[in-house]
Amino acid sequence: MSTEIRANTVLPGRREDVTLHTADGLRLVGELALPEHNAPRATLVCLHPLPTHGGMMDSHLFRKAAWRLPALADLAVLRFNTRGTASEAGRSEGSFDNGDSERFDVAAALEYAEFHDLPEVWLLGWSFGTDLTLVHGLDPLVRGAVLISPPLRWSTEDHLRAWAESGKPVHALVPEFDDYLRPEAAERAFAPLTQAEVTGFPDTKHLWVGKAEQALDAVVRTVAPEVPTPLPRHWEGETRTHQVTIVDS
């Protein structure tokens, strides 16, 4: 039976609630999604948009990544709520700290990935999460980074140069009509990060409403180029649906 993959479609996979433990003593709510049968070929550690503006682990690109990519691309997807952030899965301890103490949250996610032997770890940041990636994510475990709608709000030229010196691949996915940084300006802003690849996405805005498929295709092309894209838009086999309850942080 062929089923169209829609916004609330959940494809097969192994999913478990996880708790991340930070060095400053907080417990963070998260979920790990794995392929149903195969070993993952790579891992996405998702860093969500700004929680004071509704960002959380259920932000639509990340929940769709967790619901689709284990089945469509054999990827592991680790998503979690940064400190003080709430979603349907629960509220992480602590309180929002403008990207400062969130360095402990990023470190806790990477420690979890390392302890559980998750392969080929990539940071996948979206908006605020791209700043967390650039400021706090340059770790030996990290293979590279994918930045969705990067505003470069907290990231400085020094952070970009540090990533440049690391040689790790960085791919920026920049909407044509982004609220903060559009493709032409992004090309200039990312110049210090010499290996950064900036890709513009026509007729797309900061939140990627109606553009999730294009975003996920681009992510998979980066972290698992051996997987054919565009990804399937229909699934042959069992699926389920889930309507997420949006929780105000």
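See the structure above.
Just so it is clear, the model here is predicted, and its values are computed rather than measured. (Residues numbered from 1 in each chain as written. Predicted model: local features only at pLDDT ≥ 70, side-chain atom pairs only at ≥ 80, totals over all residues. Heavy atoms only, no water.)

(A) Molecular detail of unusual backbone geometry. In this structure, the amide linkage connecting T229 to the following residue, P230, adopts the cis form with an omega of 5°. Positionally, P230 belongs in the loop between α6 (212-223) and β13 (234-236). At S127, a residue that is not glycine, the phi angle is positive and equals roughly 55°. For S127, the position within the fold is in the loop between β9 (121-126) and α3 (128-136). (Helix = DSSP H or I, 4+ residues; strand = E, 2+ residues; numbered from the N terminus.)

(B) Structural context of helix α1 (residues 60-73). An ideal rise of 1.5 Å per residue puts 20 Å on 14 residues; α1 measures up with 18 Å between its terminal C-alpha atoms. Most of α1 sits out of view: 13 of its 14 residues are buried. Looking one or two residues past α1, D74 carries a phi angle of roughly 55°, positive in sign. (Expected span 1.5 Å × (residues − 1). Buried < 20%, exposed > 50% of the residue type's maximum accessible area, 1.4 Å probe, protein only.)

(C) Examining the pairing of strand β6 (residues 75-80) more closely. Summarising burial for β6: 6 of the 6 residues are buried, a large majority. Residues L75, V77 and R79 of β6 are buried on one face, and the alternating residues A76, L78 and F80, pointing to the opposite face, are buried as well. The pairing of strand β4 (residues 27-34) with β6 spans 4 bridges and is antiparallel. Looking at β6, one finds that A33 is bridged to V77. Here strand β5 (residues 42-47) runs beside β6; their pairing, made up of 5 bridges, is parallel. If you follow T43 over to β6, its bridge partner there is A76. Between the parallel elements β5 and β6, the chain passes through α1 in a crossover that is right-handed. (Pairing = 2+ DSSP bridges. Right-handed = clockwise from strand over helix to strand, strands pointing away.)

(D) Spotlight on helix α4 (residues 157-166). Buried within α4 we find L160, W163 and A164. The buried residues of α4 occupy an angular sector of 105° when projected down its axis, which confines them to one face. Residues D158 and E165 are exposed on α4 and point more than 90 degrees away from its buried face. Packing partners of the buried residues in α4 comprise α3, β10 (142-148), β11 (170-175) and α5 (183-189). (Arc of directions from axis to C-beta. Contact = heavy atoms within 4.5 Å.)

(E) Local environment of the packing of aromatic side chains. The full count for this structure, using the stated rule, is 4 aromatic pairs. Ring geometry for F62 against W126: centres 5.8 Å apart, planes inclined by 75°, an arrangement best described as edge-to-face. With F62 in helix α1 and W126 in strand β9, this residue pair connects regions lying 64 residues apart in the sequence. Each of the two residues, F62 as well as W126, counts as buried. (Phe/Tyr/Trp six-rings, centres within 6.5 Å; stacked < 30°, edge-to-face > 60°.)

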